[in-house]
Amino acid sequence: MKRFIATFLTLSIILGVFCILPCVTAESNSQNFEDYNWYGTSQVYSSAKGARYFRTKLLSDGTVGDFYYRSGVGNDFAKSYDGGLTFTEEVSLIKNATDSEIANSPYVDADNPLGRGRLEAQNPNFVEMPNGELWVFHRYNTYTGTPSSKPWSFYYSSICYQKSTDGGKNWSEAEVLVECRREKGLVSSSDYGFWEPDPYI
């Protein structure tokens with residue numbers, strides 16, 4: 001009987017703690033959120049640059065890293081040393097291309113004379129590794145324009161990645177992490193594959 005009572009009391013205490021903790025956590029988060037201060041917006045890049053899909057993070061060295069894509073151009077990187085007020089000139093990471101512009105493209109053959117057509121680099125996202133390296137991931141898919149302007153023999157979709165060991169000054173060549181292809185006619189409008197990467201530790 002004593003063992004039963006002891007076990008019952010122990011379980012009651014444990015359940016009581018689990019019931020209280022969520023309430024305390026929620027209250028704490030609510031109070032912390034009210035401590036944030038927000039200020040007016042500042043224009044960093046003009047629309048003339050065609051920059052979209054900014055991914056911006058505070059890095060361990062106190063700088064701010066920023067990845068984005070420029071419509072019709074490719075994915076770029078820039079860095080801020082003043083907390084995001086100004087950014088350095090962009091570093092080109094991966095550019096839009098067609099198979100005819102890629103030497104010895106393995107995708108052009110008798111069955112696929114147009115290869116992958118125009119490849120569009122978009123949606124860059126990145127993570128800082130514990131050793132300080134920056135890894136950026138890109139969506140690199142066949143361009144998704146109107147059916148009449150899609151010059152390809154199949155739809156190609158991939159996620160590529162690059163690394164920097166010097167804070168973003170220099171980057172490795174892009175390597176394919178995952179890819180797929182879907183046979184399609186030149187006028188098909190279905191686009192299946194891999195889209196926005198979201199890396200995290």
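Keep in mind that what you see is a predicted model, and the values were worked out from it rather than measured.

About the criteria used
- Residues numbered from 1 in each chain as written.
- Predicted model: local features only at pLDDT ≥ 70, side-chain atom pairs only at ≥ 80, totals over all residues.
- Heavy atoms only, no water.
- Core = buried A, V, L, I, M, F, W, Y, C linked by side-chain atoms within 4.5 Å.
- Buried < 20%, exposed > 50% of the residue type's maximum accessible area, 1.4 Å probe, protein only.
- Helix = DSSP H or I, 4+ residues; strand = E, 2+ residues; numbered from the N terminus.
- Contact = heavy atoms within 4.5 Å.
- Pairing = 2+ DSSP bridges.
- Lys, Arg positive; Asp, Glu negative; His and termini not counted.
- Salt bridge = Lys/Arg side-chain N within 4 Å of Asp/Glu carboxyl O.
- Polar contact = N/O pair within 3.5 Å; in protein donor to acceptor, adjacent residues only side chain to side chain.
- Phe/Tyr/Trp six-rings, centres within 6.5 Å; stacked < 30°, edge-to-face > 60°.
- Lys NZ or Arg CZ within 6 Å of the ring centre and 35° of its normal.

**Student:** Any chance you could explain the nonpolar core here in plain terms?
**Tutor:** Side chains that are nonpolar tend, in soluble globular proteins, to be buried together. By size, the foremost hydrophobic cluster in this structure holds nine residues: Ile94, Ala97, Tyr107, Leu119, Ala121, Tyr140, Phe154, Tyr156 and Cys160. At the level of elements, strand 6 (118-128) and strand 8 (154-164) are the ones that each hand at least two residues to this core. Top contributing element to this core by residue count: strand 8, with three residues. Those residues in contact with Leu119 that lie beyond four places of it in its chain are Asn96, Ala97, Ile102, Tyr140, Asn141, Thr142 and Tyr156. Residues Phe67, Phe77, Phe126 and Val136 belong to the second largest nonpolar core, which totals eight residues.

**Student:** How do you make sense of the sheet that holds strand 6 when you look at a structure like this?
**Tutor:** Within a sheet, adjacent strands bond to each other through the backbone by hydrogen bonds, running parallel or antiparallel. Strand order in the open sheet made by the five strands is 5-6-7-8-9, with antiparallel pairing throughout. The sheet terminates laterally at strand 5 (97-98) and strand 9 (175-183), the two strands that pair on one side only. Where strand 6 lies against strand 7 (residues 134-142), eight bridges are found, and the strand directions are antiparallel. By the bridge assignment for strand 7, Gln122 is matched with Arg139.

**Student:** How do you make sense of the side chain of Arg139 when you look at a structure like this?
**Tutor:** The residue Arg139 is located in strand 7 in this model. Summary of buried charges: Arg139 has no salt-bridge partner, and the nearest side chain of opposite charge, Glu196, is 6.5 Å away. A distance of 2.6 Å separates a polar atom in the side chain of Arg139 from a polar atom in the side chain of Asn123. Not counting the four nearest positions on each side in its chain, Arg139 is found in contact with Glu120, Ala121, Gln122, Asn123, Ser158, Ile159, Phe194, Trp195 and Pro197.

**Student:** Got a minute to help me understand the packing of aromatic side chains in this structure?
**Tutor:** Both the distance between ring centres and the angle between the ring planes are used here to describe each pair of aromatic rings. Applying the stated criterion across every chain, the model contains nine aromatic pairs. Measuring from ring centre to ring centre gives 5.6 Å for Phe77 and Trp171, while their planes differ by 65 degrees; the resulting arrangement is edge-to-face. Of this pair, Phe77 sits in strand 3 (residues 74-80) while Trp171 sits in the loop between strand 8 and strand 9, and the two are 94 residues apart along the sequence. Trp171 matches Phe77 in its accessibility class, with the two residues each being buried. Summarising the aromatic geometry, the rings of Trp135 and Tyr161 are spaced 5.9 Å apart at their centres and angled 20 degrees between planes, so their arrangement reads as stacked. Taken as a pair, Trp135 in strand 7 and Tyr161 in strand 8 lie far apart in primary sequence, 26 residues in all. Clustering of aromatic rings is evident, with ring pairs tying together Phe67, Phe77, Phe126 and Trp171. A cation sits over an aromatic face here: Arg116 above Tyr156, 4.8 Å from the ring centre.

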